[in-house]
Each structure stands twice: as C-alpha cells, then as structure tokens.
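Breakdown of the fold
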Amino acid sequence: MSNIPPEELLLEDDDPSRRQFMNRLGLGACAVAAAGAGVVTLDFLKPKVLFEPPTKFKAGNPADYTEGTVRFNKEQRAFVIGTAGGVFALSAVCTHLGCITRYVSDEGVIACPCHGSKFDLEGNVTHGPAPHPLQWLEVAVDDKGELVVDTAVGIPHGKVFRV
Amino acid sequence: MNTPSLDSLGLWLRGTSVYRSIVRHGSTETNRNRSLIVFENLFLHVHPVKVREKTLRFKHTYWLGGITIVCLVVLVATGVPLMFYYHPSVPQAYQDMKELKYVVDNGIFLRNLHRWGAHLMVFGAFLHMLRVFYHGAYQPPRQFNWVVGVFLLVLTLFLSYTGYLLPWDQLAFWGVSVGTNMAREAPVIGDKLRFFLLGGNAVSENALLRFYVLHCVVLPVVLFMFLGVHIWRIRKDGGVKGPSEDAPDVFHEDEP
Amino acid sequence: MSALPPLSPVESNDPVEVPRRVALVRPDARPSIRRSSDKFVMAYPHLIIREVILFQVVVIFLTIMALIFNAPLEGIANPVETPNPAKAPWYFLGMQELLHYFPPFVAGVLIPGLVVVALAVIPYARINLTAGPLWKGSDEKKTTLAVAGVASVLVLFFGGFQCWAAAVPTAAVAGAMFMARGGSNGGRWKQAMARLTLPQWIMTWFVVLATVLTIIGTYFRGPGWSFVWPWTRMVHS
Ligand code: HEM
Ligand code: FES
C-alpha cells in the first residue's frame, strides 16, 4: 500500500461548477420522476369503487319496540332498542378495535368478546378498554311507517327517536 | 461380469467433458481446489474461502440465524406449491384450504410445513436477535448489520401476518380486523393507512387480494434483498462475533 | 478412462507445507482482514458440511411437526360474528394482552413503535458500547437510587392501569438487579448476573415482560378476554 494522500487521488476537473450543475440537474430529474411515480402509484392503489353492502336497513314497525326490547341485526351489526320515549339504534361494532359485541340478556349488558369491554344498553362503557360509548345511529321512518336505520350516519349520544 | 462400482462411476462422471464444462476445478483433495469450490460457485461464494475455526463452535452463534434461513427456504419451497391451489378470492380461498386438507394429495402436509415453518422462522429470528445482543455483536463495525436485522425481523412479522389472513377462516378474519384497527389509531395517517392496506373500509375481498400480493411477492422480494445485504455484511464486518469473552475486535472509530 | 493422479495431503497449519504470506495491515483496513491471529479452516468442507447438517436437522424437525400437528382451520370468515375469544397469532398475543389494559394508541401503536425504534438505535447509543457490569466501577449509592427510582415509577405506572402482568415482572427484574450486587463471589448464576451491563438488564426486562405477556395471552385468556386457567380452557375446547 503506497502512501499517496487522498487529495492527490482526486480526478482532474476542469470545470467543477459545470459538473456540479449537471449533477444537480440529473439528480433533480430523477427525484421528480420518482416523486411522480410515487404519487401515481399511490393514486392507483386507492380503490375508486367499493363493493360494500348497503348501509340502510329496515327495522320493522315502531310499535314493536316496547320498552326494553333489544333487537340485533346481524348483517348490519346494529342493535335497535325500544325505550319509554321511543326507539334508538346502536352500532354493535366495539369502539375499541372493532369486534362485534353481543347482547347478554341475563345481565342486561352488551359485551365484547375480544378484550372484555362491557356497555350498558345506552352504549356507555361500564367496563374494559373501550375508549368511547357505542355509536348511536340515525333512525327515521319511511313512507310506509317502517323504521329505517342508517349505519353510516352517526348521531349524538342520547338522541332518542320519538314515535 | 464386472459391474462398475459407484466410486468409479463418480470418477467417470467427473472426467466427462460435460461435467468439466460446468465444474472447472479438479478433485476436492487439495486446498486450492477447495477454495475454487467456494468461489467458483455462485451460490457458495457468499462464504469466505476460509473461516475462523472458533466461529464454527455451537456456542458462537447457536446456529440461530442459520435456522431462520432454513425456515425461509422451507417456506418458499412449500409456499410456491401451495400457490398452485390457492385462489385469493372469497369464498374460494377458504374452500381451497378445505381442498388442500381433504382432497389434494399431501396438501395438508405442505400446509402444515408452511405453517410450522412460519412459526419457527419468527421464533428463530427473535432468538437470533437476542443472541446477537447478548454477545454484543451489534457493536462497531457491525452497527449497520444490526439495523438490517431489525428490518428483517419486522419483515418476517409482516410476512407472517399477511399470511395469516389467507386461509380466510374466522381466526384469520378477526385477527386481521383487530390488527388493522390498531393501525387506525396512528395519528393523522392511521385511517388512510388502513384504507390503503385493506383496499376498503373493512376486511373484505380487496384486503385478501392485497395481502396475498404482499405475502407472495412484495414482502418476500424485499426480504430477500435485505437478507442478501445481511449475509454480505457479515463477511465485510469480519465474520460472526461470538461471546464477548473472546478477544475484542480491533476497531478504530476514524475508519474511512 | 484414466485414473486421476494420486493426491497430496491437505489442510495443515504447517507453515512450510502451506506457506503464509506476510503483509502489513494498516489499522484502518477493512475489518475482514484484521485480527488474524485466529486459526482458520477451509469453508469447504468445515462450514458447508455444518450447514448441510443444520438444514437436515431443521427439515426433519419441521417434517415431524407437520406430520403430527395440523395447522388450525376454523369456520369460514364471518364478518358478523366475532369468535369468542378472538386471538391473534402467538407472537402478537403479548400486544393483545396489553390492549386489554391500555388505550389502543398506546398498546397498538406507541409501544410497538417505540420497541422497533429502540431496537434499531441500539448500536448507535453510546451506553451500549461503553457500559460495564452494572455494579462495577459505578457509584453504588447512585445506581441503587436510580434503579429503585425507575423501577418504582414503572411498577406504579403499570399498577395504575391494573396491569399486574407487567408490574410484577418489572418488580421481579428490579429485584434481580439488586440481587446481582456483589454477586461476583456467589454461585454460577449470580456471577453471570453480576456481569450484566445496564443495556443487558434493560433487554432482559423487555424479554421477561414480552414472555410473560405472551404466555398469559396464549394460555390464560378465555371468552371475553377473561382470566382462565389453561386446564379449564382445555376442557372447553
Ligand atoms: C416466497 C415465500 C412465500 C410464499 C410463496 C408463500 C405463499 C403462501 C401461500 C400461497 C399461502 C396460503 C396457503 C396457506 O394458507 O397455507 C401462505 C400462507 C401462510 N404463510 Fe406463506 N409464503 C411465503 C413465505 C412465508 C413466510 C416467510 C412466512 C412467515 C415467516 C409465511 C407465513 C405464512 C402463514 C402464517 C400462512 C398461513 C398458513 C396457513 O394457513 O396455514 N409465509 N403462504
Ligand atoms: S374490540 Fe371490543 S374490547 Fe377490544
């Protein structure tokens, strides 16, 4: 191994500023192309049409919901519950990590199988890791007087639908 | 009649011009040819020609990285045949699992091998990391290789996790639902990230297809690239380092 | 067919038979050519034969496993019915156990993220390169205070979330750290413990915690993530 100092090994460069400019231009072009490719790919990966099931469902006649009635719609993952003042709908999707809760009628609670959250019949958390109450869902009646629940539309907690 | 023995058959084979066109070096009885075996072979030349004797001791590495690589080989060798029967669609994916189990010859065996190989790979990679840590083998000059290893561990976990959805059974569906809901909690990008990963708002057929592509193409390719760097760096960093009772490496921070 | 010529013996460390080269190695040379006082052997056959054996052993082991145990397959995925309990693969069950105690952001994003980052920076943190055995050469009082302080903060933190599965192992590791004090003249285990550096203790803590959480998540959790004994679980399934 000889002992040439590293400076002397540098290649000769007659026009450093020109070389630097060309380097930057070239690298810049590559960067722009890469960024463009990235954006286009991300956009490509974003689905434009989703074949997800309808979010509205019919929940029957309001008169069926006497006080204390709890009905569970499995396909739509929602509870429809009758109270003295009317009817409300509750999402059955646990606010913790999205498991489907179930109504335990002997205890009168809604329980999640995944990490042990429990909710009362208004959706308030009574136990476990769930951070929020269960989502209340929009309830309406259609022209035939049947209840219609929309699982995609949340409403403020406690807003009972009067019938 | 004088039937040729296996030995003389081997000798004859090694004399043929076809064999000699593939393997240029002579017999393995000289040190020179033993070096040639290693560096004239694309696959063997990840090895150095000579290694320190003590690095071969069991307690030097416990062979844990090696176990992990063997698992990877088994996973590719079983994963590719499984792909011939597997359709990443709902509900066919699940039906394919049943078919592998009850109909396809040795289907259940291949699937078992793939599954237990995956478990062992995760376990092996984790133990390998611990052994590297307690031997202090992340210290200079091996810092970068440790970081590559952390990527490899994460990639292994992702591979395993994406594979977990593929059978499309209840375990798969809910394991992945809960897991991807966790991603949602990441600030700012959480929801978007989950949407991209699943190709929708919930675990559905889109998610199955995305996980399939990740599992069978994207992640293995990335893993193999990192693995290549990992193995290459072992040599460049001076071979594997064992228990710290060994003489420490001479190392200078001012290395160019 | 001509017989190959007879061959001379190989693989000796006799410097006359296998001449050595003499070279001056600069201190800044590549790591791979430094430290050459060790005995070297040829990769073929010594290393490669071991790799082949390793391959065979692992493949035989996996084959036996695959012949005895079937990979699980439950009913077809049903988005409207969550199985009870719904468990992730074992290597995520420690995390799932944490989810039982902490908000999802903490257990699912913050802690795993921190673990990965902490792992990645290990070789760049000065302490990991310089630390000696915890109780050696350091101010014993200061170390005692620091260990006790940090451990009690952690235990209180986990205890505050009722996460005994993390609080108890943390306390146990802290206890072991104190036991290691002056352990250099104890038995084999005590001596090994006395040699551990602070980074090694931290890693040990992490491993113990991860193992305990994973075991609890795997064997001690039943419907609704309630605590069950493994044997009652067996009876049910
Ligand atoms: C090139 C490599 C790989 C290919 C081509 C591949 C392919 C596949 C295919 C087609 C399946 C679906 C069939 C089935 O579920 O059995 C599958 C499942 C799976 N893979 Fe892989 N895989 C590869 C590597 C890996 C690795 C490295 C891991 C983990 C460390 C892994 C873990 C899994 C798991 C856990 C399953 C679910 C297994 C089961 O259902 O029993 N795979 N893989
Ligand atoms: S998803 Fe319901 S408690 Fe975790």
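Rules used throughout
- Residues numbered from 1 in each chain as written.
- Chains lettered and ligands numbered in written order.
- Predicted model: local features only at pLDDT ≥ 70, side-chain atom pairs only at ≥ 80, totals over all residues.
- Heavy atoms only, no water.
- Helix = DSSP H or I, 4+ residues; strand = E, 2+ residues; numbered from the N terminus.
- Core = buried A, V, L, I, M, F, W, Y, C linked by side-chain atoms within 4.5 Å.
- Buried < 20%, exposed > 50% of the residue type's maximum accessible area, 1.4 Å probe, protein only.
- Contact = heavy atoms within 4.5 Å.
- Salt bridge = Lys/Arg side-chain N within 4 Å of Asp/Glu carboxyl O.
- Polar contact = N/O pair within 3.5 Å; in protein donor to acceptor, adjacent residues only side chain to side chain.
- Domains from an automatic or database assignment.
- Near = heavy atom within 4 Å.
- Pairing = 2+ DSSP bridges.
- Donors = N, O, S within 2.8 Å, 3.2 Å for Na, K, Ca; no water.
- Tetrahedral: all angles 85-135°; square planar, octahedral: opposite > 155°, others 65-115°.

**Some remarks on unusual backbone geometry**
- Going from Val90(B) to Pro91(B), the amide bond is cis rather than trans, its omega being 0°.
- The step from Pro140(B) to Pro141(B) runs through a cis peptide bond, and the omega angle for that step is 5°.
- Assignment of secondary structure puts Pro141(B) in the loop between helix H7 (107–134) and helix H8 (143–165).
- Although it is not a glycine, Arg77(A) sits at a positive phi angle of roughly 50°.
- Mapping Arg77(A) onto the fold places it in the loop between strand E2 (70–73) and strand E3 (78–83).
- One non-glycine residue, Tyr62(B), lies in the positive phi region at around 55°.
- Note that Tyr62(B) resides in the loop between helix H4 (58–61) and helix H5 (64–83).

**Considerations on the nonpolar core**
- Counting residues in hydrophobic clusters, the biggest one holds 64 residues, and the most contacted among them are Leu90(A), Leu165(B), Trp168(B) and Val203(B).
- If near-sequence neighbours (up to four positions away) are discounted, Val203(B) is found in contact with Leu165(B), Trp168(B), Phe173(B), Val176(B), Ser177(B), Thr180(B) and Leu198(B).
- If you look at the next biggest cluster of nonpolar residues, it comprises 31 residues, including Val38(B), Leu159(B), Leu223(B) and Leu54(C).

**Things to note about the interface of chain C and chain B**
- Between chain C and chain B, the contact holds 79 residues from the first and 87 residues from the second.
- Applying the counting rule to chain C against chain B returns one salt bridge.
- Two residues, Lys39(C) and Glu53(B), come together in a salt bridge whose shortest N-O distance is 3.5 Å.
- On inspection of chain C and its partner chain B, the count reaches 22 residue pairs in polar contact (both at pLDDT 80 or more).
- The set of elements that each furnish at least two residues to the side of chain C that touches chain B consists of strand E1 (40–42), helix H1 (43–68), helix H2 (90–101), helix H3 (104–121), helix H4 (126–130) and helix H8 (198–219) of chain C.
- The element that contributes the greatest number of residues to the side of chain C that touches chain B is H1(C), accounting for 18 residues.

**Quick word on the domain arrangement of chain A**
- Segmenting chain A into domains produces domain 1 (13–45) and domain 2 (56–155).
- One C-alpha centre belongs to domain 1 of chain A, the other to domain 2 of chain A; they are set 55 Å apart.

**Structural notes on the site of ligand 1**
- Taken together, the neighbourhood of ligand 1 is formed by 23 residues, with Arg111(B), His114(B), Arg115(B), Pro167(B) and His215(B) sitting nearest.
- At ligand 1, the nearby residues belong to more than one chain, namely chains B and C.
- Arg111(B) places a polar side-chain atom, nitrogen or oxygen, 3.1 Å from an oxygen atom of ligand 1.
- Contact distances for ligand 1 include 2.7 Å between a nitrogen atom and a side-chain N or O atom of His215(B).
- Put simply, the parts of the chain that give the shell around ligand 1 at least two residues each are H5, H7, H8 and helix H11 (205–236) of chain B.

**Regarding the pairing of strand E10 (residues 147–155) of chain A**
Residue and element names in this part refer to chain A.
- Bridging between strand E1 (residues 56–60) and E10 involves four bridges; their strand directions are antiparallel. Across the sheet, the residue bridging to Lys 56 is Asp 150, located in E10.
- Both strand E9 (residues 136–141) and E10 contribute to a ladder of six bridges, which runs antiparallel. By the bridge assignment, Trp 136 is partnered in E10 with Ile 155.
- Between E9 and E10, which follow one another and run antiparallel, lie five residues, and Gly 145 among them has a positive phi close to 80°.

**Examining the coordination of the iron atom of ligand 1**
All names here are of chain B.
- Bound to the iron atom of ligand 1 are the protein donor atoms His 114 (NE2) and His 215 (NE2), situated 2.0 to 2.1 Å from the metal.
- Around the iron atom of ligand 1, the six donor atoms are arranged such that angles at the metal cover 81 to 178°; this shape is classified as octahedral. Linking His 114 in helix H7 with His 215 in helix H11, this pair joins segments that are 101 residues apart in sequence. With respect to class, His 114 is no different from His 215; both count as buried.

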